[in-house]
Amino acid sequence: IRESATLTRDVLEQHFNDLKGTLKKLLDERLMSLLQEVDAVEQESIKPLDECQKLIEHGVSTADDLLREGESAVHGDVGQQNEKLCSFTKKALHIQLDSLPEVPSLVDVPCLSAQLDDCLLTILKNQIFRHGTVASRPPVQLEEFVEKPGGILVRWCKVDDDFIPQDYRLQYRKSTASHFEDVYVGSETEFIVLHIDPHVDYQFRVCARGDGRQEWSPWSIPQIGCTTLVPHEWTTGLEGYSLSSRRNIALRNDSQSCGVLYSKAPTYFCGQTLTFRQVIETVGQPDRKDSLGVCVEQQNGYDSLQRDKAVCISTNGAVFVNGKEMTNQLPAVTSGSTVTFDMEVVQLGPSSSEGGSFKLRVTISSNNREVVFDWVLDQCCVSLYFGCSFSYPGWKVLVF
């Protein structure tokens, strides 16, 4: 409670400090805009009046100069009097002292004032008093963490019966990180978070958006998830395949070389779910020898998993057990298809030298259909390799 209360206080203080800064900036910008408008009106309106004033002042100055010249002619020497009077008369005839520039009427002269609506404060006050809420009961909570190789399956559930969810939003972060990041937004109530480092704690939280709403609900209580399972990786070095940086995606390239691409190690254990997913919109040309599946051991020299000690599905949907095709068939593997393998031990017999057997119950699912069968082996085997083989370029498979 104290941790969430402290976090909530920090979020509220940060949010309202940001609002203060933004509001001050907006008010300053509006004030500057209005002052510039006043300056523009003032400059535009005062210009003709200034010009009129200059003309009047020029006329008055000219008349004053002419008056002084006339006084000088009248009171000057008799010899120069006639000459000065003649010059004065000529200037007086060319100066129009009885004309004035047109002065704008009083109604045409602007008179500026500021019009400020006090109701803005009332509107802001009402909006501010309704802004923000404090919730103590998030409508969704994290429910379960399931370890996956290099990932965690996160499940959550709705705990508020009156809340109708439209979308969920899942975030995570390393326990040493300061910020959460989105990892899933959608309508499902579970998601496999990949690229998880083994033996490292991660924090998860989830929220929801109500039906027809835009805002998200409060976050659930953060919980810690961890996986101890190393991620699935394809082995490197096979010429016909290019791998992603994490080596969990294999792309069949243009090389003419063919063969089976195996996992780096036998990282698939009975009781887990192994998933292959086509991660591109287009896929390569199918071939009857194409295969996705698991095997007891790596065997080089084969161009398909359709062999002994292996179970697999071909891109046309055919299922092979120890190299023999089953009568049951699954839908063809196409763009965006997901194929899963689930296995559990159903019989653990004595050693093979005494005629015993080891039996695994295998479930292969593809495009909402599945086949279930027992896979009989002559040796105890609880960890398996996975593999794939494609004859033509363009196939791209993610394994997890």
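Residues numbered from 1 in each chain as written. Predicted model: local features only at pLDDT ≥ 70, side-chain atom pairs only at ≥ 80, totals over all residues. Heavy atoms only, no water.

Asks: Honestly, the overall build of the protein chain in this entry has me stumped. Any pointers?
Replies: Each helix and strand counted, the protein chain has three helices and 21 strands in total. On the principal axes, the C-alpha backbone points of the protein chain span a range of 160 × 60 × 35 Å. Here the protein chain holds 400 residues, and the buried ones make up 31% of them. Across the protein chain, every contact between residues at least 6 apart in sequence was considered, and the portion connecting residues at least 24 apart equals 61%. For the protein chain, the exposed area adds up to about 25,200 Å²; of that, 52% sits on carbon and sulfur atoms. Distance from the positive charge centre (38 side chains) to the negative charge centre (55 side chains) of the protein chain: 8 Å. (Helix = DSSP H or I, 4+ residues; strand = E, 2+ residues; numbered from the N terminus. Buried < 20%, exposed > 50% of the residue type's maximum accessible area, 1.4 Å probe, protein only. Contact = heavy atoms within 4.5 Å. Areas by Shrake-Rupley, 256 points an atom, 1.4 Å probe, with all protein chains shown as cover. Lys, Arg positive; Asp, Glu negative; His and termini not counted. Charge placed at Lys NZ, Arg CZ, Asp CG, Glu CD.)

Asks: Please explain the UniProt feature "domain: Fibronectin type-III" (unreviewed entry) in the protein chain as it appears in this structure.
Replies: The sites that UniProt annotates as "domain: Fibronectin type-III" (unreviewed entry) are residues 138-231. Between the end C-alpha atoms of residues 138-231 the distance is 33 Å, and the span holds 0% helix and 52% strand. (UniProt positions renumbered as here; feature names shortened; annotations may be inferred.)

Asks: Mind showing me how you'd approach the sheet that holds strand E7 (residues 223-225) here?
Replies: Two orientations exist for strands paired in a sheet by backbone hydrogen bonds: parallel and antiparallel. Reading across the sheet, the four strands line up as E4-E3-E6-E7 and stay open at both edges, with antiparallel pairing between neighbours. Among the strands making up the open sheet, the edge pair consists of strand E4 (181-186) and E7. Sheet twist, expressed as the mean angle between neighbouring strand axes with direction ignored, is 30 degrees. Relative to E7, strand E6 (residues 202-210) is paired through three bridges, and the arrangement is antiparallel. Opposite Tyr202, over in E7, you have Gly225 as the bridge partner. (Pairing = 2+ DSSP bridges. Axes fitted to C-alpha atoms, helices over the stretch in contact; angles between N-to-C directions.)

Asks: Which parts of the structure should I look at to understand helix H3 (residues 119-130)?
Replies: Note: α-helices contain 3.6 residues per turn, so residues at a spacing of three or four share the same orientation. Over its twelve residues, H3 runs 17 Å from end to end, which matches the ideal 16 Å to within 8%, given 1.5 Å per residue. Backbone geometry just after H3 places Gly132 at a positive phi near 85 degrees. (Expected span 1.5 Å × (residues − 1).)

Asks: Mind showing me how you'd approach the pairing of strand E2 (residues 151-158) here?
Replies: Every other side chain in a regular strand lies on the same face of the sheet, so the side chains alternate between the two faces. Pairing analysis gives eight bridges linking strand E1 (residues 140-148) to E2, with the strands arranged antiparallel. Bridging across to E2, Glu147 finds its partner in Ile152. Turn length for the E1-E2 hairpin, with the two strands adjacent in sequence and antiparallel, is two residues, and the turn residue Gly150 shows positive phi of about 70 degrees. Pairing of E2 with strand E5 (residues 190-193) involves four bridges; the strand directions are antiparallel. From the neighbouring strand, Arg155 faces E5, where its bridge partner is Glu190.

Asks: Explanation requested: the nonpolar core in the structure shown.
Replies: Side chains of nonpolar character tend, in soluble globular proteins, to be buried together. Ranked by size, the top nonpolar core spans 35 residues in total, and within it Phe276, Met343 and Trp375 carry the most contacts. Among the nonpolar cores identified, the runner-up in size contains 16 residues, and Ile152, Trp156, Tyr168 and Tyr172 belong to it. (Core = buried A, V, L, I, M, F, W, Y, C linked by side-chain atoms within 4.5 Å.)

Asks: Where do I start with the pattern of salt bridges in this structure?
Replies: Oppositely charged side chains can pair when the atoms bearing their charge come close. Per the stated rule, a full pass over the model turns up 13 salt bridges. The partner of Asp64 in a salt bridge is Arg68, and the shortest N-O contact between them spans 2.2 Å. Here the residue Asp64 and the residue Arg68 both occupy positions in helix H1 (residues 2-75), the gap between them amounting to four residues, near one helical turn. A residue is classified by how much of its surface remains accessible, and Arg68, at 44% relative accessible area, is partly exposed. Here Glu233 makes a salt bridge to Lys264, at a shortest N to O gap of 3.8 Å. Highlighted residues: Glu233 in the loop between E7 and strand E8 (241-243) and Lys264 in the loop between strand E10 (261-262) and strand E11 (268-269), separated in sequence by 31 residues. Classification of Lys264 by relative accessible area gives exposed; the value is 55%. Three or more residues are tied together by salt bridges with common partners; here these are Glu144, Arg155 and Glu190. (Salt bridge = Lys/Arg side-chain N within 4 Å of Asp/Glu carboxyl O.)

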